[in-house]
Amino acid sequence: MRFVSSILLTALFSSAHLNVQAASQDPYFKGFANYAKENGALSPSVEKYLKELTETERKVGYIGPVLDLPKPQKVMEGVYTVVGSLIWHTPENYGLNNNLSWVEFADGVFVFNAGPNPAVAYSFHQIIKQHTDKPVKWVAVENSQGHAYLGASYWVDIGVKNFYSQSRANQDFNNGFEQIKASWSRRVGENLTHSARNVSDKFTEFDDKLVIDVGGGETIELLTFGPGHTPGSTLAYIPSRNLLFTGDVAYNHRSLAFFPYTHTGHWIDTFKAMKAAMPIDVFVIPGHGAPTDMAKITEDTLGYLEYLHRAVKEKIAQGGKEPDMGSIDQSAYKHRPVFEQTHQQNAVHIYKELTGGDLGESFE
Ligand SMILES: [Zn+2]
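Residues numbered from 1 in each chain as written. Predicted model: local features only at pLDDT ≥ 70, side-chain atom pairs only at ≥ 80, totals over all residues. Heavy atoms only, no water.

Novice: Now, about the pattern of salt bridges: what can you tell me, with residues and values included?
Specialist: Inspection of the entire model under this criterion finds nine salt bridges. In this structure, the salt-bridge partner of Lys209 is Glu221, at a minimum N-O distance of 3.8 Å. Placement of Lys209 in strand β8 (residues 209–213) and of Glu221 in strand β9 (residues 219–223) is noted, with a sequence separation of 12 residues between them. A relative accessible area of 18% places Glu221 in the buried class. (Salt bridge = Lys/Arg side-chain N within 4 Å of Asp/Glu carboxyl O. Helix = DSSP H or I, 4+ residues; strand = E, 2+ residues; numbered from the N terminus. Buried < 20%, exposed > 50% of the residue type's maximum accessible area, 1.4 Å probe, protein only.)

Novice: Quick rundown of the environment of Val141? Include the residues and the values.
Specialist: As for its position among the elements, Val141 is in the loop between β5 (136–140) and α6 (146–149). A relative accessible area of 0% means that Val141 is categorised as buried. Linking Val141 and Gln166, residues 25 residues apart in sequence, is a C-alpha distance of 8.6 Å. Among residues more than four places away in sequence, those in contact with Val141 are Asn113, Ala114, Ala148, Tyr149, Tyr164, Ser165, Phe203 and Thr234. (Contact = heavy atoms within 4.5 Å.)

Novice: Lay out the pairing of β5 in plain terms, naming residues and giving numbers.
Specialist: Across the five residues that make up β5, a large majority, four, are buried. Pairing of strand β4 (residues 108–112) with β5 involves four bridges; the strand directions are parallel. Counterpart to Phe110 in the pairing with β5 is Trp138. For the crossover that starts at β4, traverses helix α5 (residues 118–129) and ends in the parallel β5, the hand is right-handed. Bridge count for β5 against strand β6 (residues 162–166) is three bridges, and the pairing is parallel. Note on β6: the bridge partner recorded for Ala140 is Tyr164. (Pairing = 2+ DSSP bridges. Right-handed = clockwise from strand over helix to strand, strands pointing away.)

Novice: For the sheet that holds β8, give the residues involved together with the corresponding values.
Specialist: The pairing of strands in a sheet comes from backbone hydrogen bonds and takes either a parallel or an antiparallel form. Read from one edge to the other, the open sheet built from six strands follows the order β8-β9-β10-β11-β12-β13, with strand pairing classed as mixed. The sheet is open, and its two borders are formed by β8 and β13 (292–293), each paired with just one other strand. Bridging between strand β11 (residues 243–251) and strand β12 (residues 283–288) involves five bridges; their strand directions are parallel. Counterpart to Leu244 in the pairing with β12 is Val284. Sheet contacts for helix α10 (residues 264–277): β10 (235–238) and β11; angle to β11, the most-contacted strand, approximately 170 degrees. Contacting β11, β12 and β13, helix α11 (residues 294–317) runs over the sheet at an angle of about 10 degrees to β11. (Axes fitted to C-alpha atoms, helices over the stretch in contact; angles between N-to-C directions.)

Novice: Outline the packing of aromatic side chains, supporting the account with residue identities and numerical values.
Specialist: Tallied over the full model, the rule gives 19 aromatic pairs. The interplanar angle of 70 degrees and the centroid separation of 5.6 Å between the aromatic rings of Phe173 and Phe177 together place this pair among those described as edge-to-face. Of this pair, Phe173 and Phe177 both sit in helix α8 (residues 167–188), four residues apart, which is roughly one turn of that helix. In this pair, the class of Phe173 matches that of Phe177, namely buried. With 5.4 Å between their ring centres and 10 degrees between their planes, Phe259 and Tyr261 make a pair best called stacked. (Phe/Tyr/Trp six-rings, centres within 6.5 Å; stacked < 30°, edge-to-face > 60°.)

Put into structure tokens, the structure is as follows:
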């Protein structure tokens, strides 16, 4: 409990605005803060204490309790994925609502997605250590989003040297860092997120393709097939395992979510390009949802995008305007998680894309 409170203190003192709500929820902090108020002479030692904590965290990536993440699913020998929550990011899921995966190679471990914050990255690392003694040597992130990327500073702090991202995605993360961090801190928790730093300068960027030699005669091909869910994205294909990490180019089961920066028309082309480049029997670890195959992600991702594009175009042809998009029948997809929260906005998004409407702007 004391340890948790220390983390909280660091978070509180290092942020510009004191998180009063979090503080009032923590009895240890409350007592400490009152004591400090009554004893002005204490503040130098509080500051010193906080400085030491921050330095320690910088060395080890995260200090605090191990979070109770979902059990990893074994995809094949030496390949595991922790399937995150199928809803949005919340304090209850620690922000883990996509997939964190690792692959064991002769020379070390490859991690796909850095995690939504250092606390989840650390906890995920503890799971990896229960399966292999090999060090984590390579980390790649699927896109510029907080859940792919905000945990990256943890891996930098523990000494990982090789980081990879498609160039556009890395630049978007760099440009959006403050906003992305603030948004994820607010939604998931400052105490988990506060130590995340912008480490985009540690990443090796690639435009189209980059091949990593991981020893034992195996390679990882980092690929991109164009914009869609995000303007930039990184996919990883491992030929020796016939295994593909699609990032958010592909969803399994969960409803698709469109952001202001999402271009669904490009997404359709990108998905088709990916599919054409991959063996039809490839094992798939998607951006959201459990490990699966090409047929399932085609149905759940491309199938939905094409269906909704067709339906929106029909509505427009009938003279339909933005408010009419709500009457499009999407009932075939209503069993999918977060359908209620996404489907109407998804139709409006496509309407705006097709009619030149303003999609807004944001980093997430
Ligand atoms: Zn995502």
